[in-house]
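In case you want the letters, here they are:
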Amino acid sequence: MSEFLIECAALALRWLHVVAAIAWIGESFYFVMLDRALKPAANAPTGVFGELWSVHGGGFYHKQKYLVAPAQMPQDLHWSKWKSYTTWMSGFALFALLYLWSPDLYLIDPGVAALSSTQAVALALAFPLLGWLIYDLICRAVGFRDGLLGALVLVQVIALSYAATHVFAGRAAFLLVGAVMATIMSANVFFIIIPGQKRMVAALARGESPDPLPGKRAKQRSVHNTYFTLPVVFAMLSNHYATAYVHPRSWLVLLLFMAAGALIRQFFVLWHSGGRAWGLLAGGCAVLLGVFAWLAPQAVPAPTVAAGTAAVRTAATSDPAGTSATARISTAVPDSTAIHKILLQRCTVCHSAHPSMMAAAPKGAMFDDVAVVEKNAALIHRQVVTLRIMPPGNVTQISDEERAAIARWFEARTTPAR
């Protein structure tokens, strides 16, 4: 029952997180568009910097931007903040429920770094906090030298991507890079943008001229948030694309995908002010196509038992019913029954009608009988042999010989008889 409740909570949190993120990103994109599309105002009230007329939903809208403030402050003033806070809080709750609750399953890959559960959780919590502190320190130290600041923030993102992919399991590494950048975005809103706007409003309410510095700093951080958006969205969705995060140079794969997102975002930012920088869009698409070509699978020989390894190896474990099960691995091509025995030992803790590690089998793949194993042969081969992402973190300690047996079995099934 506890696994079922966790699954329900994860579904509800994921839904809330996506809805809040859509609302936050949508509002952010709208205000960037509005700010870039403003035209000089004719016969406008004093203080109006620019205006925009638009039509939508059967009506006309007239938007005006005051560079400082209108002569009379409105009673009802909209603040763009809660969508950001809700996105971050729901995302952190979901991350804690899944990744921090089961670090051995989601955070740790012994092939990447030898971490204990406690170390993995501590590092996963430290990454977003340290990421924000370092970023904020860079911004305050550099000030408004935007070229230098942009270069230093880029260096930070590169270092973050490299560090995460050399500490955490691939899927968690990509997600954590996105989480750090999303934390920076939300912290910009909470610590910089909203406080700066509140100080400005308070000064105007007192009849004083507001200090321009908080407004300039808020504008700078808003620009950073704009260019972080599409890279963060990719990082958050990347756990559905294992080919990217299992690549030997996964940190570079992640950076290239995020660079493509930033180029495409810049194309639309310029579009709003009348620019048509098609080279940016073409460049972003070219980067994506280049990465896809780089990730394309290469024809490689099926793995074999390493030299010096006994031709027959016996592994005794317990099957789900608790009785002894023995899998014999040889250099000969195993049949589906032999592969089923391997999966019973290594995979049915999750992929079963009654899994012990989660509420329901991922993708609905349940390897309780041989017929289902044969039906899912391609999925099993891709996840266990080609990508080597299953079992997650190799929690059930599947051996290289067992992976090789699955490879020979699959190759025999897909190679035409002569």
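Just above sits the structure.
Worth saying up front: this structure is predicted, and the values here are computed from it rather than measured.

Draft legend 1. Looking closely at the layout of surface pockets. Estimated volume of the second largest pocket: approximately 2,000 Å³. Lining of the second largest pocket is provided by 49 residues; of these, Phe31, Asp35, Lys65, Gln197 and Met200 occupy positions nearest its centre. Where the lining of the second largest pocket is concerned, the elements lending two or more residues are helix 1 (2-37), strand 2 (59-66), helix 2 (82-100), helix 6 (170-205) and helix 7 (212-237). The element that contributes the greatest number of residues to the lining of the second largest pocket is helix 7, accounting for ten residues.

Draft legend 2. Representation of the packing of aromatic side chains in the model. A full pass over the atoms with the stated rule returns 20 aromatic pairs. Where Trp132 meets Phe191, the ring centres are 5.7 Å apart and the plane angle is 20°; that geometry is what we call stacked. On the criterion of sequence distance, the pair formed by Trp132 in helix 4 (residues 117-142) and Phe191 in helix 6 is long-range, its members being 59 residues apart. Considering the side-chain rings of Phe267 and Trp278, the 5.2 Å spacing of their centres and the 45° angle between planes classify their relative orientation as tilted. Taken together, the residues span a long stretch of sequence, with Phe267 in helix 9 (residues 250-272) and Trp278 in helix 10 (residues 278-295) at a distance of eleven residues. Taking the relative accessible area as the measure of exposure, Phe267 reaches 3% and is therefore buried. Among the aromatic side chains, those forming a connected cluster through ring pairs are Trp82, Tyr85, Trp132, Tyr135, Phe190, Phe191 and Phe228.

Draft legend 3. Layout of empty space enclosed by the protein. Scanning all chains against the criterion turns up one cavity of 30 Å³ or more. Approximately 30 Å³ is the volume found for the largest cavity. Lining of the largest cavity is provided by Val153, Gln156, Val157, Leu160, Met181, Ile184 and Phe228. Listing elements by their share of the lining of the largest cavity, those giving two or more residues are helix 5 (146-165) and helix 6. Tallied by class, residues from the lining of the largest cavity come to six nonpolar, one polar and no charged.

Draft legend 4. Examining the packing of helix 1 against helix 9 more closely. Relative orientation of the contacting elements helix 1 and helix 9 amounts to 45°, with a least axis distance of 7 Å. As the angle between them shows, helix 1 and helix 9 are arranged oblique. Contacts between helix 1 and helix 9 involve Phe29, Val32, Met33, Arg36 and Ala37 from the first element and Arg265, Val269, Leu270 and His272 from the second. Of the residues in the contact of helix 1 with helix 9, the class split is six nonpolar, one polar and two charged.

Draft legend 5. Spatial organisation of the nonpolar core. Formed by 64 residues in total, the largest nonpolar core has its most connected members in Phe95, Tyr99, Leu107 and Phe168. Per-element accounting of this core gives the leading share, 16 residues, to helix 6. Not counting residues within four places of it along the chain, the set of residues in contact with Phe95 comprises Leu100, Leu107, Ala124, Leu175 and Leu176. Judged by nonpolar contacts, the second largest core, of 17 residues, contains Ile339, Ile380, Val384 and Ala405.

Draft legend 6. Spatial organisation of unusual backbone geometry. Put simply, Met390 and Pro391 share a cis peptide bond, and its omega is -10°. Here Pro391 shows up in the loop between helix 13 (377-386) and helix 14 (400-414). One non-glycine residue, Arg388, lies in the positive phi region at around 55°. Here Arg388 shows up in the loop between helix 13 and helix 14. A positive phi angle, close to 60°, is found at Gln397, a residue other than glycine. Counting through the fold element by element, Gln397 comes out in the loop between helix 13 and helix 14.

Draft legend 7. Structural detail: the environment of Ser209. Structurally, Ser209 is set in the loop between helix 6 and helix 7. The class for Ser209 is exposed, based on a relative accessible area of 71%.

Draft legend 8. Local environment of helix 1. Taking 1.5 Å of rise per residue, the 36 residues of helix 1 would be expected to cover 52 Å, and the 52 Å separating its terminal C-alpha atoms lies within 8% of that figure. Considered for burial, the residues of helix 1 that qualify are Ala10, Leu13, His17, Ala20, Ala21, Trp24, Glu27, Val32, Leu34 and Ala37. In this structure, the buried side of helix 1 is in contact with strand 1 (48-56), strand 2, helix 2, helix 6, helix 7 and helix 9.

Draft legend 9. Main features of the pattern of salt bridges. Here the structure, examined in full by the defined rule, presents eight salt bridges. Asp35 is the partner of Lys219 in a salt bridge, and the nearest nitrogen-oxygen pair spans 2.6 Å. Here Asp35 lies in helix 1 and Lys219 lies in helix 7, a separation of 184 residues in the sequence. Taking the relative accessible area as the measure of exposure, Asp35 reaches 27% and is therefore partly exposed. Measuring nitrogen to oxygen at the nearest pair gives 2.9 Å for the salt bridge that ties Arg221 to Asp136. Pair noted here: Arg221 is in helix 7 and Asp136 is in helix 4, with a separation of 85 residues, a long-range link.

Draft legend 10. Local environment of a nonpolar patch on the surface. The grouping of Trp82, Trp88, Met89, Phe92 and Leu125 at the surface amounts to a nonpolar patch, some 520 Å² of accessible area in total. Among the elements that line the nonpolar patch, the one with the most residues is helix 2, at four residues. Its place among the elements puts Trp82 in helix 2. Classification of Trp82 by relative accessible area gives exposed; the value is 53%.

Criteria and thresholds
Residues numbered from 1 in each chain as written. Predicted model: local features only at pLDDT ≥ 70, side-chain atom pairs only at ≥ 80, totals over all residues. Heavy atoms only, no water. 1 Å grid on protein atoms, 1.4 Å probe; cavity = no way out; pocket = protein on both sides within 12 Å on 5 of 7 lines; lining within 4 Å. Points joined across faces, edges and corners; volume = space filled by probe spheres on them. Helix = DSSP H or I, 4+ residues; strand = E, 2+ residues; numbered from the N terminus. Phe/Tyr/Trp six-rings, centres within 6.5 Å; stacked < 30°, edge-to-face > 60°. Buried < 20%, exposed > 50% of the residue type's maximum accessible area, 1.4 Å probe, protein only. Nonpolar A, V, L, I, M, F, W, Y, C, P; charged D, E, K, R; others polar. Axes fitted to C-alpha atoms, helices over the stretch in contact; angles between N-to-C directions. Parallel < 35°, antiparallel > 145°, perpendicular 65-115°, else oblique. Contact = heavy atoms within 4.5 Å. Core = buried A, V, L, I, M, F, W, Y, C linked by side-chain atoms within 4.5 Å. Expected span 1.5 Å × (residues − 1). Salt bridge = Lys/Arg side-chain N within 4 Å of Asp/Glu carboxyl O. Patch = residues over 30% accessible without salt bridge, like charges linked within 9 Å, V, L, I, M, F, W, Y side chains within 5 Å. Areas by Shrake-Rupley, 256 points an atom, 1.4 Å probe, with all protein chains shown as cover.

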